[in-house]
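Here is how the chains run, residue by residue.
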Number of protein chains: 2
Amino acid sequence: MNLRDLRYVIAVADHRHFGRAAEACHVSQPTLSGQLRKLEEMLGMTLFERTNKSVVPTQAAEQILPLARAAVENADAIAALAQGWRDPLAGSLRLGVIPTLGPYLMPRVLGPLKQHYPNLDLVLWEDVTDNLLSRLRRHELDAALLATDVMEDGIVDIPLFDEPFLLVMPEAHPLSAMEQIDAARLETVEMLVLADGHCLRDQALAACKQPGGGRADLRATSLEMLLNMVAAGYGCTLAPAVTVAGRASPVSGTVTRPLAPGTAGRTVRLAFRETFPRRTAVEAVAAAIRTLHPGGT
Amino acid sequence: MNLRDLRYVIAVADHRHFGRAAEACHVSQPTLSGQLRKLEEMLGMTLFERTNKSVVPTQAAEQILPLARAAVENADAIAALAQGWRDPLAGSLRLGVIPTLGPYLMPRVLGPLKQHYPNLDLVLWEDVTDNLLSRLRRHELDAALLATDVMEDGIVDIPLFDEPFLLVMPEAHPLSAMEQIDAARLETVEMLVLADGHCLRDQALAACKQPGGGRADLRATSLEMLLNMVAAGYGCTLAPAVTVAGRASPVSGTVTRPLAPGTAGRTVRLAFRETFPRRTAVEAVAAAIRTLHPGGT
DNA sequence: TGATAATGATCGGTAAAACCTATCATGAGT
DNA sequence: ACTCATGATAGGTTTTACCGATCATTATCA
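Not measured: the values here are computed from a predicted model.

1. Some words on the protein's contact with DNA strand D
Then, number 1: Surrounding DNA strand D, one finds 23 residues, the nearest of these being H17 and R50 of chain A together with S28, T31 and K38 of chain B.
Then, number 2: Of what DNA strand D places within 4 Å of the protein, 77% of the atoms are sugar or phosphate.
Then, number 3: At a separation of 3.3 Å, a sugar or linking oxygen of DNA strand D approaches a polar side-chain atom of K53 of chain B.
Then, number 4: Listing elements by their share of the surface near DNA strand D, those giving two or more residues are α2 (18–24) and α3 (29–43) of chain A together with α1 (3–15) and α3 (29–43) of chain B.
Then, number 5: Residue composition of the surface near DNA strand D, by class: 6 nonpolar, 10 polar and 7 charged.

This is the structure:
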């Protein structure tokens, strides 16, 4: 059985006339007659009682017709759906973002992206790097914004921009007197870091050569919380530029200073499966983010 | 798009493996790969992300799959329905019957017919001849049990049996003394007949040469009512043998006498469109009825 | 590290099918 | 008697679905 045949059946039932039905199906009348006859043979029953005067569906055909219509409608729905997905810049793109990037970067990206590609629906998922990569592998995400090198098999990435880390310290901190902090000084500070799993944690600890891992009695799952701890005087922290650059004013009670150029920073990347078919959409997102950082990689 | 292609898509989605999906579809793997690729091209989108390690449906495919499954299920339902109709002696047969035949003949036919052809469902429709023929022409009935010649274009019939008319009269009627009534006597009686439209009315009037049409102040729509009128002494009537032969006892207050052989009677026929495809079923019904009347035509 | 196995893609050729044009048979209307 | 309209049929062409064989890539294992 064939969808085309079902369309023929429906057309004949609707027009009650082989010639007009054939015309509606854009085939010749003999073609339609022949195909219908073959279908009837295959089904082992007569679908239409024909005379030279009239064509009337049999009882069996009347029962079959709604099913045939449903099948054809489903097929048409598939075609319509496909039409919607033809544009790689349409449909939903499931984008993972790490927590130290999402709240700061996405608000500035979503607007312009929606403006350029109104049919592209970004579905955001915030989680730490490892979980994002797992979801990416499991096809639960299409792409992910990360700040680490990706050494994952089958996953590739587009570097978007480099950003330096800044030192954030309590107002009273001695280093607040300096315009710029160098690497040596960095190793001397009491460094507060995020909870396990955040890439920023590891990067901050590496930058200040404190592989042990900050104060064990404090736990911050968000960068905002961490900054509040700094403001409360518990210590200092390293924050990526993007997390402070967008602010109207620094967190009250803290002072922010840049590090000596090249001391520490991170590269933000858009990672995705190399087999992901809608690379165009991924590249559009990458381009949109790069546009916000003209000095990027 | 093709139902076969949809089956391929479903198989690949289910097996997540081209080779096994192909096996399940009883085609070679290259065939399935090729067809799937063509479908993807036609739809203008990728349905599966393939690596040498895994085959995963894209988001678009996930949306399409339920539709594809529905379409395939509809097609399968059509095939199943057709399977049920393959046997011409299965499914419903819409049978019209005239009122002076149905209540007397059908009870004796339905049982044996159901026994022989348990899958054949007779759907009965009782009406007068003209209405039955209209419905037959409009394909609202498949066959009709009539007691008149059918001169309808495109309608043919199978004669089933002849039956004589009997004279039914009030107990006190003078003719009740005779064993048999001849044609001449028949013309002398006060004849009660059924309402307009019943073929028995015309046949009775013709038999007693009273074309005018009985007593205008009496109207009977059923033969039973007519017999009651006879019992009440309003006059006599002609009843087909089948309507009194099946009775345990005659209607009380009436006497029934045969006519002289060949005087008046009717031929019961099974009429149907000559294009009706399930002639086998019609013939089965005809045979069943004839079996009850071994002396039939 | 090199052989083996498994994956999906590709190629060339074949068989089936769908299709078209032309024609036929039948019946209705004029 | 003629014309028109119906659906069916015949013959031939084009499309397409299919298979077997083979390839490229990658994972596995000795």
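There's more to say after this.
2. Some words on the interface of chain A and chain B
Interface extent is often summarised as the accessible area lost during association of the parts.
Then, number 1: With 40 residues of chain A at the contact, the number on the chain B side is 40 residues.
Then, number 2: Across the chain A/chain B interface, buried area totals approximately 3,500 Å², and carbon plus sulfur atoms make up 65% of it.
Then, number 3: Looking at the side of chain A facing chain B, the largest losses of area belong to E49, Q59 and I78 of chain A, adding up to 20% of the total buried there.
Then, number 4: Here chain A and chain B share 2 salt bridges between them.
Then, number 5: At the boundary of chain A and chain B, one finds 15 residue pairs in polar contact (both at pLDDT 80 or more).
Then, number 6: Of all elements in the fold, only α1 (3–15), α3, β1 (48–50), α4 (59–86) and β3 (91–97) of chain A reach the threshold of two or more residues within the side of chain A that touches chain B.
Then, number 7: By residue class, the composition of the side of chain A that touches chain B is 22 nonpolar, 11 polar and 7 charged.

3. Comments concerning the pattern of salt bridges
Then, number 1: Scanning the model with the defined rule gives 28 salt bridges over all chains in all.
Then, number 2: The residue E163 of chain A makes a salt bridge to R266 of chain A at a minimum N-O spacing of 2.6 Å. Placement of the pair is E163 of chain A in strand β6 (residues 155–170) and R266 of chain A in strand β9 (residues 265–273), with a sequence separation of 103 residues.
Then, number 3: Among the ionic pairs, D196 of chain B bridges to R201 of chain B, the shortest N-O distance being 3.2 Å.
Then, number 4: A relative accessible area of 61% places D196 of chain B in the exposed class.
Then, number 5: The network of salt bridges with shared partners includes R135, R138 and E140 of chain A.

4. Quick notes on the pairing of β3 of chain A
All names here are of chain A.
Then, number 1: The buried fraction of β3 amounts to 6 of the 7 residues, a majority that puts the element mostly inside the structure.
Then, number 2: Handedness of the β-α-β unit built from β3, helix α5 (residues 102–116) and strand β4 (residues 120–126) comes out right-handed.
Then, number 3: Pairing of β3 with strand β5 (residues 143–146) involves 3 bridges; the strand directions are parallel. Its bridge partner lying in β5, G96 is registered against A144.

5. A few points about the packing of aromatic side chains
In this description, an aromatic ring pair is defined by two values, namely the gap between the centres and the angle between the planes.
Then, number 1: In this structure the tally under the stated criterion is 0 aromatic pairs over all chains.
Then, number 2: Over the aromatic face of W125 of chain A sits the side chain of R135 of chain A, whose NZ or CZ is 4.1 Å from the ring centroid.

6. Topic: the domain arrangement of chain A
Then, number 1: We note that the domain assignment places domain 1 (3–86), domain 2 (91–161 + 267–292) and domain 3 (162–265) within chain A.
Then, number 2: For domain 1 of chain A versus domain 2 of chain A, the separation of C-alpha centres amounts to 47 Å.

7. Structural notes on the environment of M229 of chain A
All names here are of chain A.
Then, number 1: Summarising the element assignment, M229 is placed in helix α9 (residues 223–231).
Then, number 2: Residue M229 is classed as buried on the basis of its relative accessible area, which comes to 10%.
Then, number 3: Taking the C-alpha atoms as reference points, M229 and R219, separated by 10 residues in sequence, lie 9.7 Å from one another.
Then, number 4: Those residues in contact with M229 that sit more than four places away from it in its chain are L192, L218, R219, A220 and Y234.

8. A look at helix α6 (residues 129–137) of chain A
Turn by turn, an α-helix covers 3.6 residues, leaving residues three or four places apart pointing in a common direction.
All names here are of chain A.
Then, number 1: For α6, the complete set of buried residues consists of T129, L132, L133, S134 and L136.
Then, number 2: Here the buried face of α6 lies against β3, β4, β5, β6, α8 (199–207) and β9.
Then, number 3: Of the residues one or two after α6, H139 is the one with positive phi, at around 60°.

9. Let's talk about the environment of T100 of chain A
Residues and elements named next belong to chain A.
Then, number 1: Mapped onto the elements, T100 comes out in the loop between β3 and α5.
Then, number 2: The class of T100 is buried, set by a relative accessible area of 3%.
Then, number 3: With 18 residues separating them along the chain, T100 and A82 place their C-alpha atoms 36 Å apart.
Then, number 4: The contacts of T100, once residues within four sequence positions are left out, are L194, H198, L200, V242, T243 and R266.
Then, number 5: Here the side chain of T100 touches R266 through a polar contact of 3.0 Å, side chain to side chain.

10. Remarks on the relation of the copies chain A and chain B
Superposing the two chain copies requires a rotation about an axis and a translation along that axis.
Then, number 1: For the match of chain A to chain B, the screw axis carries a shift of 0.0 Å, the RMSD comes to 0.1 Å, and the turn is 180°. Such a combination of rotation and displacement between the chain copies is what one expects of a two-fold axis. For chain A, the minimum C-alpha distance to the rotation axis belongs to A71 of chain A and amounts to 2.1 Å.
Then, number 2: Taken as a fraction of all interface residues of chain A, those also at the interface in chain B reach 100%, which identifies the copy contact as same-surface.

Cut-offs used in this document
Counting from 1, residues in each chain are numbered in the order their sequence is written. Chains carry letters from A onward and ligands carry numbers from 1 onward, assigned in written order. Per-residue local features of the predicted model are confined to residues with pLDDT of at least 70, and side-chain atom pairs are confined, for both listing and counting, to 80 or more; whole-chain, interface and lining totals are unaffected and use all residues. Where side-chain values are given, they derive from all heavy atoms of the structure, hydrogens and water being excluded. A cutoff of 4 Å decides nearness: a residue is near a molecule or strand if any of its heavy atoms lies inside that distance of it. Polar contact is the term for a pair of N or O atoms within 3.5 Å; when the atoms are in protein, one must be able to donate a hydrogen and the other to accept it, and sequence-neighboring residues count only if both atoms are side-chain atoms. Secondary structure elements follow DSSP: runs of H or I of four or more residues count as helices, runs of E of two or more count as strands, with numbering from the N terminus. Gly counts as polar in this scheme, as do all residues outside two lists: the nonpolar Ala, Val, Leu, Ile, Met, Phe, Trp, Tyr, Cys and Pro, and the charged Asp, Glu, Lys and Arg. Contacts were defined at the residue level, with two residues in contact if any of their heavy atoms lie within 4.5 Å. Summed over both partners, the accessible surface that disappears when two parts come together, traced with a 1.4 Å probe, is what is meant by buried area. What counts as a salt bridge is simple: a side-chain nitrogen of Lys or Arg found within 4 Å of a carboxyl oxygen of Asp or Glu. To sort residues, take the accessible area from a 1.4 Å probe on protein chains only and compare it with the maximum for the residue type: under 20% means buried, over 50% means exposed, and anything in between is partly exposed. Handedness is read with the strands pointing away from the viewer; a crossover is right-handed when the path from the first strand over the helix to the second is clockwise. Each pair of strands is called paired provided DSSP finds at least two bridges between the two strands. Each pair of aromatic rings taken from Phe, Tyr and Trp, with Trp reduced to its six-membered ring, is defined by centres within 6.5 Å and is described as stacked if the planes are under 30 degrees apart, edge-to-face if over 60, and tilted in the remaining cases. Two thresholds decide whether a charge sits over a ring: the Lys NZ or Arg CZ must be within 6 Å of the ring centre and within 35 degrees of the ring normal. Boundary definitions for the domains trace back to an automatic or database domain assignment. Least-squares superposition of the copies uses the C-alpha atoms of those residues scoring a pLDDT of at least 70 in each of them.

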